[in-house]
Amino acid sequence: MAKDIWIGDVQNGDYDGQEVELKGWIKRTRGSNKIRFVVLRDSTGTIQCVAKRDVVGDDAFEAIASALIESSLIVRGTVNVDERSEGGHELVVSGIEIVGPVDPERPFPITESAMKAADGGETEFLLDNRHLYLRTSRMTTMLKMRSSVFGAIHSYFRDLDFVEYQAPNFVAGAVEGGSTLFEVPYFGRKAYLTQSWQLYAEAAMPALERLYTIAPSFRAEKSRTRRHLTEFWHAEMEIAWASNDEVMNHGEGVVRHIASTLLDERREELQSLGRDLELIGRYADSPFPRMRYDEAIEILQGKGVDVEWGQDLDYSKEKILTQDFEVPHFLTHYPKVAKPFYHRVDPEDDKYVLCHDLLAPEGYGEIIGGGERTWSEQEILARLEEEGTPKEAYQFYIDTRSYGGVPHGGFGLGVDRVCSWLGGADHIREVIPFPRDSRRVTP
Ligand code: 4AD
Ligand code: MG
């Protein structure tokens, strides 16, 4: 049953003039009582198959004439170079076998007209049928891009000898503030779904020194925006003996590596999504400027935006700020009041913390949050007290500082956000197979 021949390779010219057997699904079908044109798709591409009644015989011809969209087939025939066909090749069919037929009572619901009626992709209809929508070319393209992004993150860190490390997903406390914690019943107690791998990575930092992960994180985000999921994929790293600047070098390194990997592996996909390859090349090649938070506030105020010093920047502000950016920019030195307890206070001015956010251009905004960590036990205790955060859930974290604390730092990168920005998606839902938000856990 194995499959030997892929449509993408046929379209590349690997089988010109040869007899082949193709396996796939019907994307479109049309024709007359004598000749049928079936566009067959597989995971690598599409090809038009031409079946004539007088060649294939009546039985096979009737089978193909009645087969509906998304029926699965095995088709045999000869590859013909034909410039008029999409992709430059067609298959002249000699035999056909329907493997998984589609019931005419329940035709495939994701048709072009249904999609148009559903307004291009973001409606309940397509989300309800997500399990079928995955087969459309746009979604398939996004999923291939996503795979390359994951691969690039792994190769960036592994090539630098980082160790992949796993943290628990059931946890006892918040990392990024209590308001977005998901509570789960846990044998008569309360537990939470993790917002970040970070605190458990810091515990292993003295053991491994350079560590990373790609794992789901959970945030009970009530507001539904184009950048927020309740379950998202989080690439995080932690490194010992590193300053905020050195951590930023890795954030810049991994994002540039993702851009260059996409240019290597997904050129066609980027083009089919309407992305400008020169722009992606700039993200791969140009250094990312670094700017202090205060400077960003001045720029925003200069544009007449109503923003006060001390606020974290929300999407509306990041959007305005990043509209004129040519490449991603780091914002550093946020006010202490805007960030959680674990950030290291700037020894030069204790109003600030040594942290960074990386803001993607094209009006996209935050894709990375990170910085240096408070590593002395006294300072952590003081910061928790200042924040009014009870320390019980963090006892293990505080404890790690009593035994050889060292300067260290790390960041978290929103993988779905990076896919969305680089793929030019309008909404983060477009780049993840089964998106989760406050209203939906199905399908
Ligand atoms: O800025 P955040 O909240 O930082 C942390 O969680 C740190 N503990 C990470 C660390 O230092 N190890 O989240 C990091 C990134 C954000 O910049 C954003 O890209 C992404 O995670 N993110 C989300 N992506 C999709 N949906 C959400 N609800 C997200 N929340 C955060
Ligand atoms: Mg953040």
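Residues numbered from 1 in each chain as written. Chains lettered and ligands numbered in written order. Predicted model: local features only at pLDDT ≥ 70, side-chain atom pairs only at ≥ 80, totals over all residues. Heavy atoms only, no water.

Asks: Explain the packing of aromatic side chains here, please?
Replies: Both the distance between ring centres and the angle between the ring planes are used here to describe each pair of aromatic rings. A complete count under the given rule lists 17 aromatic pairs for this structure. Pairing Y293 with W309 gives two aromatic rings, centres 6.4 Å apart and planes at 80°, and the pair type is edge-to-face. Here Y293, found in helix α12 (residues 293–302), pairs with W309, found in the loop between α12 and α13 (315–322); they are 16 residues apart in sequence, far enough to count as distant. The buried category is assigned to Y293, whose relative accessible area is 0%. Under the relative-accessibility criterion, W309 is labelled partly exposed at 38%. Seen in terms of ring centroids, F341 and Y342 are 6.0 Å apart; in terms of plane orientation they differ by 80°. Their pairing is edge-to-face. (Phe/Tyr/Trp six-rings, centres within 6.5 Å; stacked < 30°, edge-to-face > 60°. Helix = DSSP H or I, 4+ residues; strand = E, 2+ residues; numbered from the N terminus. Buried < 20%, exposed > 50% of the residue type's maximum accessible area, 1.4 Å probe, protein only.)

Asks: Please explain the packing of α12 against α13 as it appears in this structure.
Replies: Geometry of a packed helix pair, given as the angle between the helix axes and the separation of the axes. As a packed pair, α12 and α13 sit with axes 10 Å apart at the nearest point and diverge in direction by 85°. In terms of axis orientation, α12 runs roughly perpendicular to α13. On the side of α12, the interface is formed by A296, I299 and L300, while α13 contributes K317, I320 and L321. (Axes fitted to C-alpha atoms, helices over the stretch in contact; angles between N-to-C directions. Parallel < 35°, antiparallel > 145°, perpendicular 65-115°, else oblique. Contact = heavy atoms within 4.5 Å.)

Asks: How should the layout of surface pockets be read in this particular structure?
Replies: Over the atoms rolls a probe the size of a water molecule, and its path tells where empty space is left. Within this model, the largest pocket holds a volume of roughly 1,100 Å³. In terms of lining, the largest pocket is formed by 46 residues, of which the most central are E176, R219, E221, D312 and E366. Elements with a minimum of two residues in the lining of the largest pocket: β11 (231–240), α13, β15 (365–372), β16 (408–414) and α16 (415–423). The element best represented in the lining of the largest pocket is β15, accounting for 5 residues. For the lining of the largest pocket, the per-class residue count stands at 17 nonpolar, 14 polar and 15 charged. Taken as a whole, the second largest pocket holds about 910 Å³ of empty space. What lines the second largest pocket is a set of 31 residues, and nearest its centre among them are T44, G45, T46, K144 and E268. Secondary structure elements with two or more residues in the lining of the second largest pocket: α1 (7–11), β2 (35–42), β3 (45–52), α7 (137–159), α9 (244–265) and α10 (267–272). With 5 residues, the top contributor of residues to the lining of the second largest pocket is α7. When residues of the lining of the second largest pocket are sorted by domain, at least three fall in each of domain 1 (7–100) and domain 2 (132–431). (1 Å grid on protein atoms, 1.4 Å probe; cavity = no way out; pocket = protein on both sides within 12 Å on 5 of 7 lines; lining within 4 Å. Points joined across faces, edges and corners; volume = space filled by probe spheres on them. Nonpolar A, V, L, I, M, F, W, Y, C, P; charged D, E, K, R; others polar. Domains from an automatic or database assignment.)

Asks: Help me understand the sheet that holds strand β8 (residues 182–186) in this model?
Replies: Working definition: the strands of a sheet are paired by backbone hydrogen bonds and lie parallel or antiparallel to each other. A sheet is described by the order of its strands in space; here 3 strands give the open sequence β7-β9-β8, paired in antiparallel fashion. Each edge of the open sheet carries a strand with a single partner, namely β7 (170–171) and β8. Pairing between β7 and strand β9 (residues 189–193): 2 bridges, direction antiparallel. Bridging across to β9, F170 finds its partner in L193. (Pairing = 2+ DSSP bridges.)

Asks: I would appreciate a short explanation of the pattern of salt bridges in the present structure.
Replies: Between side chains of opposite charge, a pair can form when the charged atoms approach closely. Applying the stated rule across the entire model yields 36 salt bridges. Here E70 makes a salt bridge to R135, at a shortest N to O gap of 2.8 Å. Linking E70 in the loop between α3 (58–66) and β4 (72–81) with R135 in the loop between α6 (130–133) and α7, this pair joins segments that are 65 residues apart in sequence. Note on R135: relative accessible area 34%, which makes it partly exposed. (Salt bridge = Lys/Arg side-chain N within 4 Å of Asp/Glu carboxyl O.)

Asks: Would you take a moment to explain the side chain of E318 for this structure?
Replies: Within the fold, E318 resides in helix α13. Taking the relative accessible area as the measure of exposure, E318 reaches 1% and is therefore buried. Apart from residues lying up to four places away in sequence, E318 is in contact with R227, L313, L359, G365 and E366.

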